[in-house]
Amino acid sequence: MKLYYSPGACSLASHIVLQEIGKPFSIEKVDLAAKKTASGADFSAINPKGYVPTIELSPGEVLTEGPAILQHLADQAGRLAPAPGTMARARLNEWLAFINGEVHKAFGPLFKPDASAEAKEAAKAQLAKRFTHIEKTLSDGRDYLTGADYTIADAYLFVVTNWANFTGFALDAFPRLQAFQARIAARPAVEKALVAEGLKAA
Ligand SMILES: N[C@@H](CCC(=O)N[C@@H](CS)C(=O)NCC(=O)O)C(=O)O
């Protein structure tokens, strides 16, 4: 299994889950601007959509889209997600869709150097609404998004909300989210993924 990634990008969630599961895998960095992998391969030929995460599960079997990859890894491992078909799994899917469509994508303008100040402010206002929903969810004392159990949604939420720290989006109003981030960052698998992507000293 090989994960194509860019350091700190949304692919970090898949990387964390691979580390959590502990089955053998490798990672290869992608230059997203040049669409070249670290070994010199044409990334567009591997994933014509040109983005990470992209995972080669077995020779020629490539899976894309973060939520699909996360669920496949969890289902194969029989961990980090409730069983398919259950209400608990529907709740997990609800979170994955929210993180993907409402949080991940809302960060877009904050990463674009050419986005107008107006577009950046609008993105921050949208994110504040979404973060408020997350903060409320975490306010009943739960450690993780869906309750007592750590799931793939927590890994994904950790990665995208961490972008706040690099985009000038203050988290002061979201203390429970900050505590959540610290809780997830302390997991050995998360630390391993951060070190492997060069985001943390070994
Ligand atoms: N729909 C995809 C989007 C993935 C995505 O936005 N990846 C970003 C990094 S976080 C990327 O590779 N961007 C480079 C590009 O689109 O050229 C998913 O949810 O996995």
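Residues numbered from 1 in each chain as written. Predicted model: local features only at pLDDT ≥ 70, side-chain atom pairs only at ≥ 80, totals over all residues.

Undergrad: Can you help me understand the overall build of the protein chain in this one?
TA: Scanning the protein chain for helices and strands turns up nine helices and five strands. Shown N-terminal to C-terminal, the secondary structure of the protein chain runs as helices and strands in the order β-α-β-β-α-β-β-α-α-α-α-α-α-α. At 17 Å, the protein chain has a C-alpha radius of gyration in line with the 17 Å of a compact globule built from 202 residues. Expressed as a percentage of its 202 residues, the buried residues of the protein chain come to 32%. (Helix = DSSP H or I, 4+ residues; strand = E, 2+ residues; numbered from the N terminus. Rg over C-alpha atoms; globule rule 2.2 N^0.38 Å. Buried ≥ 20, exposed ≤ 12 C-beta atoms within 10 Å, placed from the backbone.)

Undergrad: Can you walk me through helix 7 (residues 152-162) in this structure?
TA: Every α-helix winds through 3.6 residues per turn, so residues three or four apart in the chain are directed the same way. Burial analysis of helix 7 places ten of its eleven residues in the buried class, the great majority of the element. Considered for burial, the residues of helix 7 that qualify are Ile 152, Ala 153, Asp 154, Ala 155, Tyr 156, Leu 157, Phe 158, Val 159, Val 160 and Thr 161. Tucked into the core, helix 7 has its buried residues touching helix 1 (11-21), helix 3 (66-77), helix 4 (87-104) and helix 8 (175-185). (Contact = placed C-beta atoms within 7 Å.)

Undergrad: How should I be thinking about the pairing of strand 5 (residues 61-64) in this particular structure?
TA: Every other side chain in a regular strand lies on the same face of the sheet, so the side chains alternate between the two faces. As paired elements, strand 4 (residues 54-58) and strand 5 share four bridges and run antiparallel to each other. Bridged to Ser 58 within strand 5 is Glu 61. Hairpin connection of strand 4 to strand 5: two residues between the antiparallel strands, including Gly 60 at a positive phi of 85°. (Pairing = 2+ DSSP bridges.)

Undergrad: Could you clarify how one ought to interpret the packing of helix 1 against helix 3 in this entry?
TA: Where helix 1 meets helix 3, the closest approach of the two axes is 10 Å, and the angle between their N-to-C directions is 5°. Regarding the angle of helix 1 to helix 3, the classification is roughly parallel. From helix 1, Ala 13, Ser 14, Val 17, Leu 18 and Ile 21 reach across to helix 3, where they touch Gly 66, Ile 69, Leu 70, Leu 73, Ala 74 and Ala 77. Across the contact of helix 1 with helix 3, the residue classes tally to nine nonpolar, two polar and no charged. (Axes fitted to C-alpha atoms, helices over the stretch in contact; angles between N-to-C directions. Parallel < 35°, antiparallel > 145°, perpendicular 65-115°, else oblique. Nonpolar A, V, L, I, M, F, W, Y, C, P; charged D, E, K, R; others polar.)

Undergrad: Can you walk me through the domain arrangement of the protein chain in this structure?
TA: By a widespread convention, an interface's size corresponds to the accessible area lost as its parts come together. When its domains are assigned, the protein chain resolves into domain 1 (2-78 + 189-196) and domain 2 (87-187). Here the C-alpha centre of domain 2 lies 21 Å away from the C-alpha centre of domain 1. Of the residues lining the interface, 13 residues belong to domain 1; the matching set on domain 2 comes to eleven residues. For the side of domain 1 that touches domain 2, the secondary-structure elements that each account for two or more residues are helix 1, helix 3 and helix 9 (188-196). With five residues, helix 3 is the single largest residue contributor to the side of domain 1 that touches domain 2. A breakdown of the residues in the side of domain 1 that touches domain 2 according to their chemical character gives ten nonpolar, two polar and one charged. (Domains from an automatic or database assignment.)

Undergrad: I'm lost on the site of the ligand in this one. Help?
TA: Within the structure, the ligand sits among Ser 6, Ala 9, Cys 10, Leu 32, Gly 50, Tyr 51, Val 52, Pro 53, Glu 65, Gly 66 and Asn 100. When its residues are assigned to classes, the shell around the ligand shows six nonpolar, four polar and one charged. (Near = placed C-beta within 6 Å.)

Undergrad: Can you help me understand the packing of helix 1 against helix 9 in this one?
TA: Angle between the axes and distance between the axes: these two values describe a pair of packed helices. Running from amino to carboxyl end, helix 1 crosses helix 9 at an angle of 125°, the nearest separation of the two axes being 8 Å. Here helix 1 lies oblique to helix 9, going by the angle between them. At the point where helix 1 passes helix 9, the crossing takes the right-handed sense. Note on element contacts: helix 9 touches helix 1 through Ala 189, Val 190, Lys 192 and Ala 193, opposite Leu 12, His 15, Ile 16, Gln 19 and Glu 20. Of the residues in the contact of helix 1 with helix 9, the class split is five nonpolar, two polar and two charged. (Left-handed = near helix turned anticlockwise from the far one by under 90°.)

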